[in-house]
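Next come the chains, spelled out residue by residue.
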Amino acid sequence: MIRVVIVGALGGDEGKGKCVDEMVNYAKSQNDGKRIVTIRYQGGANAGHTLYVQGKDGKLKRFITHSAPSGLASNVDCAVGPDVAFDPLQFYEELKEAKQIFDYKGKILISERTGVLLDYHKQLDAWRESNEKRKIGTTKSGIGPFYEDNARRTTRITFKDYVSDKFTHRLKDVLELKKTELEKIGIKSDEYHDKILKEHDDVRKQLAPFAQRLEYRMQEYVENGDHVIIEGSQGSLLDVNMGTIPDITSSHLLAPHAFPSLGLSRKDFKIICVEKVYPTRVGEGYLPTLQTDGFGAQTVKRGGEFGATTGRQRRVGYPDWLLAKRAALLNDADLFYITRTDVVSGQELKVCVEYDVDGKKIAEVPLDISTVKPVYLEKTYKFKLWDGHEDVSNVLDIHEKLEPLRKKIVEGGYDNLPKELKEYIEEHDKFIGCKTVGISLGPATGETVLRTELL
Ligand code: IMP
């Protein structure tokens, strides 16, 4: 039975959606008649899970979820927890698209407590990014203003209110409470109230049957022996408390946070940190091992390192095991899952294991990360998955050529991986103090060497 929480170890975009997909696939392969549920527990449509899945016509298709759990693409049950910044319009669009591509038959469950993110959250976010002096480089999805409203309490519109007749009054009250702030950005409440009501009229009706006391439904999955796959979004470096303040998002990203919000117990789950071989960041925020030329520029191209939500180019750095080790600590991780080994196949990798702060070497990540310089191991790493096909940048075009090569490696299993890759993994695991359960070799589901005995 699969019971996992999957979170990002670095600056987001590590490939959590792919890891979720592999876990769903593995759960399906058990053929045990048990249900499979994937759950989002924080963040909102600032996330972007890019998945490559087989469509109805059997062809590989790119499918991106922002608001919905990535399990949506695998035709399994999908749940949204109470800490999520729930964007109903976005969610509904994704649900519609999934139904077109995959004949979606899973169940949808949304906590009645989940807060609803509306247009004014997005407008406030965008206004601040354009007008305030200190920018965060947000995705403009309304995340900061939404969590402010949640914390203020009286300005939180729950999903239950949203789908009920109360919505019109709640919206009026909230617009009144936020009047001064909204007038500053040109929103006048009367017409605006009616506009929102109209925009949401149909979606509210469509989503109404999904409202649940989710903590009890989660218990039922657990008691029934079902597969429960909880997925994080963003990465540990962006956590509202433990990230690189102020260049962070506004939600609690770390894995242990999932348990109280979903009414689940840590002891029933394994926590998996997903780590892209090389860290990336979008928006503001310092990356200690940042490489703009050479390795960095090449990896941006080969890995298509552009944000799934905003299309912005991600900045790339050499592997930073110190950041990964801290993520293991903060997330109480049991296992790691390493992605994008194909992107760096054949490239020389330097590995950061300490930071230099004013000439002093430290093995900790300080609050002000911008003061550090990376200290690399003298040894460098290089592993090759295959000969030729160095360019993996055009994922869909190159897929057919690389598929058989990837398949062969997957069939060979962990023991038959190229010895240089195994050496990288083993030294990484020793440094971090966790074992690597999966090594992803490509974007499609199945293109992962999974050590299922560790699950
Ligand atoms: P926000 O979450 O949109 O408020 O953005 C705050 C910071 O988090 C910005 O630096 C964003 O680029 C970053 N961020 C938010 N979501 C993601 C994500 O899914 N991947 C990577 N970075 C993200």
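This is a predicted model, so every value here is computed, not measured. (Residues numbered from 1 in each chain as written. Predicted model: local features only at pLDDT ≥ 70, side-chain atom pairs only at ≥ 80, totals over all residues. Heavy atoms only, no water.)

Draft legend 1. How the structure looks around the domain arrangement of the protein. For the protein, the domain assignment lists domain 1 (3-104 + 215-454) and domain 2 (115-209). Relative placement of domain 1 and domain 2: their C-alpha centres are 30 Å apart. Between domain 1 and domain 2, roughly 1900 Å² of surface is buried when both sides are summed, and carbon and sulfur atoms account for 61% of that area. By the criterion of area lost to domain 2, the three top residues of domain 1 are Phe86, Leu89 and Tyr92, representing 26% of everything that side buries. Where domain 1 packs against domain 2, one counts two salt bridges. Note that Asp87 is salt-bridged to Lys122, the shortest N-O span being 3.0 Å. At the boundary of domain 1 with domain 2, the tally comes to nine residue pairs in polar contact (both at pLDDT 80 or more). Elements represented by at least two residues in the side of domain 1 that touches domain 2 include exactly strand S6 (85-86) and helix H2 (88-102). Here the side of domain 1 that touches domain 2 takes four residues from H2, the largest share from any one element. Of the residues belonging to the side of domain 1 that touches domain 2, the class tally is eleven nonpolar, ten polar and five charged. (Domains from an automatic or database assignment. Buried area = accessible area lost by both parts, 1.4 Å probe. Salt bridge = Lys/Arg side-chain N within 4 Å of Asp/Glu carboxyl O. Polar contact = N/O pair within 3.5 Å; in protein donor to acceptor, adjacent residues only side chain to side chain. Helix = DSSP H or I, 4+ residues; strand = E, 2+ residues; numbered from the N terminus. Nonpolar A, V, L, I, M, F, W, Y, C, P; charged D, E, K, R; others polar.)

Draft legend 2. Up close: helix H6 (residues 167-177). For H6, every residue scored as buried is listed here: Phe167, Arg170, Leu171, Val174 and Leu175. Down the axis, H6 shows its buried residues gathered within 130° of arc, on one side only. Buried residues along H6 sit against helix H3 (119-131), helix H5 (159-163), helix H7 (179-184) and helix H8 (189-207). (Buried < 20%, exposed > 50% of the residue type's maximum accessible area, 1.4 Å probe, protein only. Arc of directions from axis to C-beta. Contact = heavy atoms within 4.5 Å.)

Draft legend 3. Local environment of the nonpolar core. Judged by nonpolar contacts, the single largest core of 67 residues is most densely connected at Val5, Met218, Ile230, Leu262 and Phe336. A total of six residues in this core trace back to one element, the largest contributor, which is helix H12 (residues 321-331). The next biggest cluster of nonpolar side chains, apart from the first, holds 40 residues, and it includes Leu72, Ala73, Ala98 and Ile108. (Core = buried A, V, L, I, M, F, W, Y, C linked by side-chain atoms within 4.5 Å.)

Draft legend 4. Region of the structure containing the pairing of strand S18 (residues 435-440). Most of S18 is tucked away: five of the six residues are buried. One ladder, built from four bridges, connects strand S14 (residues 335-339) with S18; its direction is parallel. Within S18, the residue paired with Leu335 across the bridge is Lys435. Note: S18 against strand S19 (residues 448-450), three bridges, orientation antiparallel. For Gly438, the partnering residue across the bridge sits in S19 and is Leu450. (Pairing = 2+ DSSP bridges.)

Draft legend 5. Geometry of the sheet that holds strand S15 (residues 352-357). Across the sheet, three strands lie side by side as S16-S15-S17; this open sheet has antiparallel pairing. Each edge of the open sheet carries a strand with a single partner, namely strand S16 (360-362) and strand S17 (373-376). On average, each strand axis in the sheet is inclined to that of its neighbour by 40°, with strand direction left out of account. Note that S15 and S17 share four bridges and pair antiparallel. Its bridge partner being in S17, Asp356 is matched across the sheet by Lys373. (Axes fitted to C-alpha atoms, helices over the stretch in contact; angles between N-to-C directions.)

Draft legend 6. Summary view of the sheet that holds S18. Taken in spatial order, the ten strands make up an open sheet running S9-S7-S5-S2-S10-S1-S11-S14-S18-S19, and their pairing is mixed. Of all the strands in the sheet, the pair left with one neighbour each is strand S9 (211-212) and S19. Its contacts with the sheet place helix H1 (residues 16-29) against strand S1 (3-8), strand S2 (36-40), strand S10 (227-231), strand S11 (270-276), S14, S18 and S19, and it is angled at close to 165° to S1.

Draft legend 7. Structural view of the packing of H3 against H8. One can describe the packing of H3 onto H8 by two numbers: an axis separation of 11 Å at closest approach and a directional angle of 120°. As judged from the angle between their axes, H3 and H8 are oblique. Every residue of H8 that contacts H3 at Asp119, Tyr120 and Gln123 is listed here: Tyr192, Lys195 and Ile196. (Parallel < 35°, antiparallel > 145°, perpendicular 65-115°, else oblique.)

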